[in-house]
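# Close look at the chain arrangement
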Amino acid sequence: MNKGILQYDFGVQVDLYLLIKSATKGIASNGKPFLTLILQDQSGEIEAKLWDANEEDEKNYTGQKIVKIIGDIHNYRGKSQLKIRQIRRTGPSDSVKLEDFLETAPLSQEDMTSTLTQYIFDMKNPNIQRITRHLLKKHQQAFLEYPAATKNHHEFVSGLVYHVVSMLDLAKSIATLYPSLDKDLLYAGVILHDMGKVVELSGPVSTVYTVEGNLLGHITIMVNEIGKAAEELGISGEEVLILQHLVLSHHGKAEWGSPKPPLIKEAEILHYIDNLDAKMNMLDRALERVKPGEFTERVFALENRSFYKPLFHK
């Protein structure tokens, strides 16, 4: 593979293969249609406009298609954008495959599965352990492959489980500092809080929201899943209610999408851990794309701030 699309400087002309993550039709001020393409490779994604797009272009350039592009990298309102000079669909002679363009988690699925198994094994409360194990087994394959979001953080193959494993290690460290925390609840909350995204989202490639995702959302989906799991396992009692509350409250506030605010200590900590890991992922990925002494692109989910990379940072 060549250098990644996000590793080129402004003003550079590129000639490379990219995967179309999404294509959206728009109408320009002159009344002519255009396509907004989100293009990606293993380094990340970039936006491009295909002006004067005709019906054939709309059919050819859709999500999950690989294209060969010649174009220029330029700065548009503080963000990298690709100005297309030439574009074409790839064919059998191009010798490229989908996997070549997918950003993936830095840990293997096997390693992350092993970590999850260990944390569940460490749980002492049998009801919490059984519900968590049951739901992980039910959704395991998708849980290992799906991203954690369509944008902003962990939006790559296996991003969901990588987010969870990072949060588990953070939860373990915090529980060591604050031993009054119930580790079983905290670990289960971390594993289950975003598991509904395997229903909310369409899959690991060209990810979009499903009908259930748009109408219910991952929080509602998971609260229902916990209730069904408890019923199937013959488990009743307060643990079921508390696990549902952890999922319901993990976004922290109503304006951030939480039906309830955290009303249990472990729910409060779960919200902080989730928020911290998501923001660190956003920051790390934005900063790795710039050189020391430069500012990142604006990070929308972090109040649209640009972050500076100090000169002494490697």
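Summarised in this report is the structure supplied together with it. Per chain, residues are indexed from 1 in the order of the written sequence. Only residues with pLDDT of 70 or above have their local features reported here, since the model is predicted, and side-chain atom pairs are shown and tallied only from 80 upward, although totals for entire chains, interfaces and linings are computed over all residues. Excluding hydrogens and water, the side-chain figures rest on all heavy atoms present in the structure.

### Here we look at the overall build of the protein
- Within the protein one finds ten helices and five strands.
- Each radius of gyration is computed over the set of C-alpha atoms, and the globule rule expresses the reference value as 2.2 Å times the number of residues to the power 0.38. Relative to its length of 314 residues, the protein is compact, with a C-alpha radius of gyration of 22 Å against a globular reference of 20 Å.
- With the C-alpha coordinates aligned to their principal axes, the bounding extent of the protein is approximately 65 × 45 × 40 Å.
- Counting only residues that meet the buried cut, the protein has 49% of its 314 residues in that class.
- We call two residues in contact when some of their heavy atoms are within 4.5 Å. When contacts within the protein are restricted to residue pairs at least 6 apart in sequence, those whose partners lie at least 24 apart make up 56%.
- With residues, only the protein chains shown are counted as cover, and all accessible areas are computed by Shrake-Rupley using a 1.4 Å probe. Looking at the protein as shown, the accessible area adds up to about 16400 Å², and 52% of this sits on carbon and sulfur atoms. A run of DSSP states H or I qualifies as a helix once it reaches four residues; a run of E qualifies as a strand once it reaches two. Both are numbered from the N-terminal end. Throughout this description, buried means an accessible area under 20% of the type-specific maximum (1.4 Å probe, protein chains only), exposed means over 50%, and partly exposed covers the range between.

### Quick word on the pattern of salt bridges
- For this document, the term salt bridge refers to a Lys or Arg side-chain nitrogen within 4 Å of an Asp or Glu carboxyl oxygen. Counted according to the given criterion, the structure contains 14 salt bridges.
- The salt bridge involving D9 is made with K291; its shortest N-O contact spans 3.5 Å. With D9 in the segment before β1 (13–27) and K291 in the segment after α10 (265–287), this pair connects stretches of sequence that are 282 residues apart.
- In this structure K291 comes out as partly exposed when scored by relative accessible area, which is 44%.
- For K228, the salt bridge identified is with E225, shortest N-O distance 3.1 Å. Of the two residues, K228 and E225 are both situated in helix α8 (residues 218–233); the distance of three residues between them amounts to about one turn of the helix.
- According to the relative accessible area criterion, K228 is partly exposed, its value standing at 42%.
- Overall, E225 belongs to the buried group, its relative accessible area being 8%.
- One continuous salt-bridge network, built from bridges that share partners, spans E103, E155 and R285.

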